[in-house]
Amino acid sequence: MSLRLKDLVREVRGCKTAAEERAVIAKECAAIRTAFKEGKEAYRSRNVNKLVYIYLLGHATEFGQMECIRLMTSESFAEKKAGYLALSLLVDENHEVLTLVENQLKLDLSHRIEHVKTLALCAIANIAGEDMARDLGHEVATFLESNSSNLKKKACLAGLRIVRRVPSMAETFLDKLTNLSSEKNHGVLVAGLTLVTEGLQMEEGESFKAIYTKNIKSYIKILKNLVMPPYPSEYDVQGIADPFLQVKILQLLRVLGTGSKDTSDTMSDILAQVATNTESYTPVGPAILYECVRTIIAIESSPDLRGLAVTILGRFLTSSSSNNIRYVALNTLTRVVDKDSVAVQRHKNTIVDCLKDFDISIRKRALDLIYTLVSSQNIRLLVPDLINYLTFASPNLKGDLTEKICTTAERYAPSMQWHVDTLIKVCILAGAYVPETAVNKLISMVSKSTKEMQGYSTAKLWAEISKGPDTTLLSKEGLLLAALWCVGEFGDLLTAQKPPVVAEDIVTSVTSLLHSTNSPVVKGYALTCLAKTSARFPDIKLLVAPTMEVFQESLDLELQQRAWEYLQLINSDDPTIFKASLDRMPTIESESVVTSYAEEQQHVDPGTASPVVATANPVAVTAGPAAVSTAPQKKDDGGMSFLDDVFGGDGASTATAAPATAPVPAAGGFSIDDIFGGGGGAPVAVPPSQPAVPTFTPPHPLVGKVDVTMENRYFKVVIYSSRPNPIHPHKVLVSAVLANVSTTHITGVELLAAVTRTATLQMHPKEQDSVAPNALLVQNISVHNDANGNAGAKPICMKIRLVFVAGGAKESCEFTVSGIPS
Amino acid sequence: MPIGCLLILNSRGDILCSRNYRDYYNVKSVGEVFRTQVIATKLADRSPVHNLGGVSYLFMKSENTWVVVATKLNSNAVLIFQFLSKLIEICRVYFGAMNEESVKENHVTLLELLDEILDYGYPQTTEIDLLKMCITNATMKLESGAAKQGQKQLSDKLTGIIGWRKDGIKYRKNEVFIDVVEEVNVLIAQNGNVLQRDVSGKVIMKSFLSGMPECKFGLNDKLMLQSESKSSDRRSSQIDLEDVTFHQCVRLGKFEANRAISFVPPDGEFQLMKYRTSENVNPPFRLLHPSCKSLGKTRMEFDFKVKGEFSSRLNGTTVVIKVPCPKNTASTKITVGAGKAKYEPEHQAIVWKIRKFPGGSEVMFSAVVQLISSTSEPKAWSRPPISMSFQVPMLTTSGLHVRFLKVHEPKLNYQAVKWVRYISKAGQYECRI
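Right, let's walk through the structure included here. Model, not experiment: these values are computed from the prediction. (Residues numbered from 1 in each chain as written. Chains lettered and ligands numbered in written order. Predicted model: local features only at pLDDT ≥ 70, side-chain atom pairs only at ≥ 80, totals over all residues. Heavy atoms only, no water.)

Some remarks on the sheet that holds strand β22 (residues 402-408) of chain B
What links the strands of a sheet is backbone hydrogen bonding, and the strands pair in either a parallel or an antiparallel sense.
Residue and element names in this part refer to chain B.
Then comes step 1: A sheet is described by the order of its strands in space; here three strands give the open sequence β12-β10-β22, paired in antiparallel fashion. Of all strands in the sheet, those with a lone pairing partner are β12 (261-263) and β22, marking the two edges. With strand direction ignored, the average angle separating the axes of adjacent strands in the sheet is 15 degrees.
Then comes step 2: Here strand β10 (residues 214-219) runs beside β22; their pairing, made up of six bridges, is antiparallel. From the neighbouring strand, glutamate 214 faces β22, where its bridge partner is histidine 408. (Pairing = 2+ DSSP bridges. Helix = DSSP H or I, 4+ residues; strand = E, 2+ residues; numbered from the N terminus. Axes fitted to C-alpha atoms, helices over the stretch in contact; angles between N-to-C directions.)

Shown next, in the form of structure tokens:
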């Protein structure tokens, strides 16, 4: 009567439709429920096995959890095994039933049979939550000293889970694994190394780094035995001895070598050996090589070794047919590029070739890498490649690509001629994707340049749009806008070009464009272009007027207005007004970016280049103190963003600018990081204090913005949170700055704070406990956020109580601070 | 309302058959857009009309095929849907079913049909009888004389007033069958209050009459009786019909003028009229004192009685009552007064079947459901309503009955034999617990 698992599988596979399958499962679930309810002993493990199968198919199996637990407690090993198997699948760490399991796990850990112990350890490795990890952690750790390698291995795996859930347990495990290097069994070694590597990366395992570094020679020896002949025949995978262990040791070396010169030197020999001795033609080889390269990059390795690593990556790109390998190679190169750009430059051609790959993700990676590779030296070589790629890039990549080309061109353009040429080329090839800012940039550059340049660019753009409005042209809105603007402004220069353009041609082309495009923006530009052309060539007024009349009835209000206005101007009796109002625009000063061109700057005296900065400085200095007191927010949008761009746009001028702006923080009370936009990572907000109250400069770079303020009759409280040590993301230094806003002298200030259960806190001593009017008092609090063991999972929530004596009376207030980023 | 193009796709979206009526459609791309934008995105479940890229897609589903009309113009959507449903009906009559296999098998006939019923995107005729005259499945023997005569007859029909009936039909025995089928939709609250009740009915006629008979049909419709102005004595059984729609053979002018239903019937079976009414609906079945108690976490009790509230001379047949159970039901213990009841896990319900249910009788149901305690209870059981399905022959829930049917054939002057049948069925018949 009870279906066997095999039969159930067959029945489910026989179903033709999903509905049919659901019906079969529903029926079987009902049967299993009935069996559970009736408490039949005979088919318990069979039913649980079926339940596991049903779970794997994605159906709800909550009702079976109790039965799993019952089975777990059974004395028969077969039933126990089925119970444990189902438990680790059906239950996860968030289920409440886990509390019921814990006791049984404890019992089984001390069971006399080894297999039962391993079952329990496996279950812990799969499902342990935070509480269970805390409760069973120490017992699991004792197994690390057992004689059985099987138990040791499983204990390491369970330990890994425990350490991940409760990082504070890391010390216990690391302590017991110090002599791991003498272990012979590879299984234990691999599991143990995983645990050690994970533990050492945690803040709690930091102190063990030194101990493990002492043993580094023995790990290197193990690795050497695997790499150098005679190879151990055991654990051989495609001619490579135990690649898993090799990878694990390389990972451990990476952790130990990071940031330590001596350790890095010790391991550089073996890394070179691994890099040279490993063959990359089997699938296993590249895995080890990749891991080795990552280690070389991460540690403080010598330039030679690093060159070797980049060469290996280059070899991945050229010789490998596997997409995955090329992808990781590109990915890793992107990371190396800022450390060792010269070595990467050597593989430039290979990387550019990757743009032709079939796989879109590789093309994307290659593009990203090329962007980072571009510098003022090689821009003339690389950008044409990118533009060339633009012709056959897929449409969904084009938008991103054009934007990137525009920004790189802006950053490194060697000359204005080149920059204008590039932008025009991009507009022609991918007019539909050109960002508005790039079009504006092009227009402003043309307006600023010399007359010859203006004529040249206008002629170039005119050649594109005079071909007649076909659909491809109409879709390139960026090109149209730029071209229409230039033709309108510099239409008269076209007549000087070869071959000369007649004014009538301009009118016919633009008019046909005007009528065929759908975009109101382009139409607006075209109308203006026509009006301007008629001002340049007064004899074609009569040709323009009819078009304007058509648009006087346009549904678009903007176009209608333009048409009316222009027509009024064209028909006006006073030619001077007509001329003057449609005259050439004054040079556009692009307010967003000031680009300097490397090649041009070579001829320019540094003294003349600096005025850009010099003029900018007074803005910052005057904006600083004045804005701070009234509206700190405003300050960020005004002068500062201008400054930001000035310095962000050109790396060369940063150095000259730094001393000039250095006094600003002192005067205004904000950090210099802000000006350069990125030193501290986050913008610093200034406490909105009253002018008389001195401002407070936090001791460490801040994380996030200043949090919550409280204000009452006596105090204004501002909470800062900062991270004193970037390696310890859990530790947050919270500074409560109390500003006395009253006129009385406040004494006996005491600040009490409480945090949620997951965090611990430590109060720092105060400098004083009285505050004069308009003075500050700073109370520092260290908060160690241990929520769920992973940093930043939850913002810290804090309750603060303030007790003080003001004017002879004891006062107190209480407030909550939430959302302190950790 | 020009139809731009018409496609028949299979459930995956592959084109089985297509016809383009205007030049500017590319059938392949229309099919592709429909497949990727409507079928693949499951937008089809949301609405039967989609406008994508300036093209409107109107579609109906028939078994495993999609019948899609694409148009760029502002066409009359209702007309297109009426056409689509007619098309599907025609295909059913011709091929027995409208699904992927039948479309593939009868591809040529289908194309012929489409040629006949649509011209340049405008529907011409969707009358099956007429189509049967020009498109036959059987091989046709072409005799020059007969063919010519047939052609003449055909063109007469297509352009004539009575397109749905051909001349010269002869039966030895002239008979008419009338079926009045009513579907009852009822929702009863826990306390026995009827929250919603209405009846949607249809009158189906099967005529085997010779010549060109003129029929007049009378119901106990309130307005109809008033217009006949002799109704004072039978006021009690007047009923109010709403939303009446007729077959195209009914002369609507006459109906508007004096509420008389007169028509020349097509040969064979057709649906004469459809109506809806929500007044004076007496639900034929009632659940008495339904109760559903949770006894602790692992036991539930259901208790109720079903009463047939119709004349004891009538019998309800194939009564099926579905009592929903929670998801974690382990076992059930059911006692019923009549019929058989069983827990069916695939429906998550106890299904109680009673073959014959005499009018006026009461049958009890009680069940104890054992639940298995779930370790994580995500949400409480939603208590879906008890649903019912049944058939009661010779009962009209709305009280409608056929008063007369007069058949008059001016040339042959025969007496037709008339048969009337009534049946009430359950539509959505639900009772909350």
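Observations regarding the pairing of strand β3 (residues 49-52) of chain B
All names here are of chain B.
Then comes step 1: With four bridges connecting them, β3 and strand β4 (residues 55-62) associate as antiparallel partners. Bridged to leucine 52 within β4 is valine 55.
Then comes step 2: Hairpin geometry of β3 and β4 is characterised by an intervening segment of two residues between the two adjacent antiparallel strands and by a positive phi of about 55 degrees at glycine 53.

Topic: empty space enclosed by the protein
All names here are of chain B.
Then comes step 1: In the structure shown here, the tally under the stated rule is three cavities of 30 Å³ or more.
Then comes step 2: Here the second largest cavity defines a volume of roughly 40 Å³.
Then comes step 3: Around the second largest cavity, the lining residues are Ile188, Phe285, Arg286, Leu287, Ile386, Ser387, Met388, Tyr429, Glu430 and Cys431.
Then comes step 4: Among the elements of the structure, β14 (285-295), β21 (386-393) and β23 (417-431) are those that each provide at least two residues to the lining of the second largest cavity.
Then comes step 5: Looking at the lining of the second largest cavity, its residues break down into seven nonpolar, one polar and two charged. (1 Å grid on protein atoms, 1.4 Å probe; cavity = no way out; pocket = protein on both sides within 12 Å on 5 of 7 lines; lining within 4 Å. Points joined across faces, edges and corners; volume = space filled by probe spheres on them. Nonpolar A, V, L, I, M, F, W, Y, C, P; charged D, E, K, R; others polar.)

Looking at helix α30 (residues 520-536) of chain A
All names here are of chain A.
Then comes step 1: With 17 residues, α30 ought to run about 24 Å at 1.5 Å a step, and its terminal C-alpha atoms sit 24 Å apart, in line with that.
Then comes step 2: Burial within α30 is extensive, with 14 of its 17 residues counted as buried.
Then comes step 3: If you check the start of α30, you find a side-chain oxygen 3.2 Å away from the backbone N of valine 521, and it comes from serine 519. (Expected span 1.5 Å × (residues − 1). Buried < 20%, exposed > 50% of the residue type's maximum accessible area, 1.4 Å probe, protein only. Polar contact = N/O pair within 3.5 Å; in protein donor to acceptor, adjacent residues only side chain to side chain.)

A word on helix α31 (residues 541-551) of chain A
Then comes step 1: Three or more residues of α31 of chain A are buried, namely Val544, Ala545, Thr547, Met548 and Phe551 of chain A.
Then comes step 2: In this fold, the buried residues of α31 of chain A make contact with α29 (503-516), α30 and α32 (557-571) of chain A. (Contact = heavy atoms within 4.5 Å.)

Examining the packing of aromatic side chains
Residue and element names in this part refer to chain B.
Then comes step 1: Under the criterion given, the structure shown has 20 aromatic pairs over all chains.
Then comes step 2: Plain terms: the ring middles of phenylalanine 34 and tryptophan 66 are 5.9 Å apart, the flat faces sit at 70 degrees to each other, and that makes the pair edge-to-face. Of this pair, phenylalanine 34 sits in helix α1 (residues 27-39) while tryptophan 66 sits in strand β5 (residues 65-71), and the two are 32 residues apart along the sequence.
Then comes step 3: When the centroid spacing of 5.4 Å and the interplanar angle of 75 degrees are considered together, the rings of phenylalanine 285 and phenylalanine 310 count as edge-to-face. Within this pair, whereas phenylalanine 285 is found in strand β14, its partner phenylalanine 310 is found in the loop between β15 (299-308) and β16 (315-324), the two being separated by 25 residues in sequence. (Phe/Tyr/Trp six-rings, centres within 6.5 Å; stacked < 30°, edge-to-face > 60°.)

Details of the interface of chain B and chain A
Then comes step 1: Taken together, the contact pairs 16 residues of chain B with 14 residues of chain A.
Then comes step 2: Between chain B and chain A we count one salt bridge in total.
Then comes step 3: With its nearest N and O atoms 3.8 Å apart, the salt bridge here joins glutamate 346 of chain B to lysine 27 of chain A.
Then comes step 4: Viewed at the interface, chain A and chain B are joined by four residue pairs in polar contact (both at pLDDT 80 or more).
Then comes step 5: Put simply, the parts of the chain that give the side of chain B that touches chain A at least two residues each are β17 (329-336) and β20 (362-371) of chain B.
Then comes step 6: The leading source of residues in the side of chain B that touches chain A is β17 of chain B, at three residues.
Then comes step 7: For the side of chain B that touches chain A, a count of residues per class yields five nonpolar, nine polar and two charged. (Salt bridge = Lys/Arg side-chain N within 4 Å of Asp/Glu carboxyl O.)

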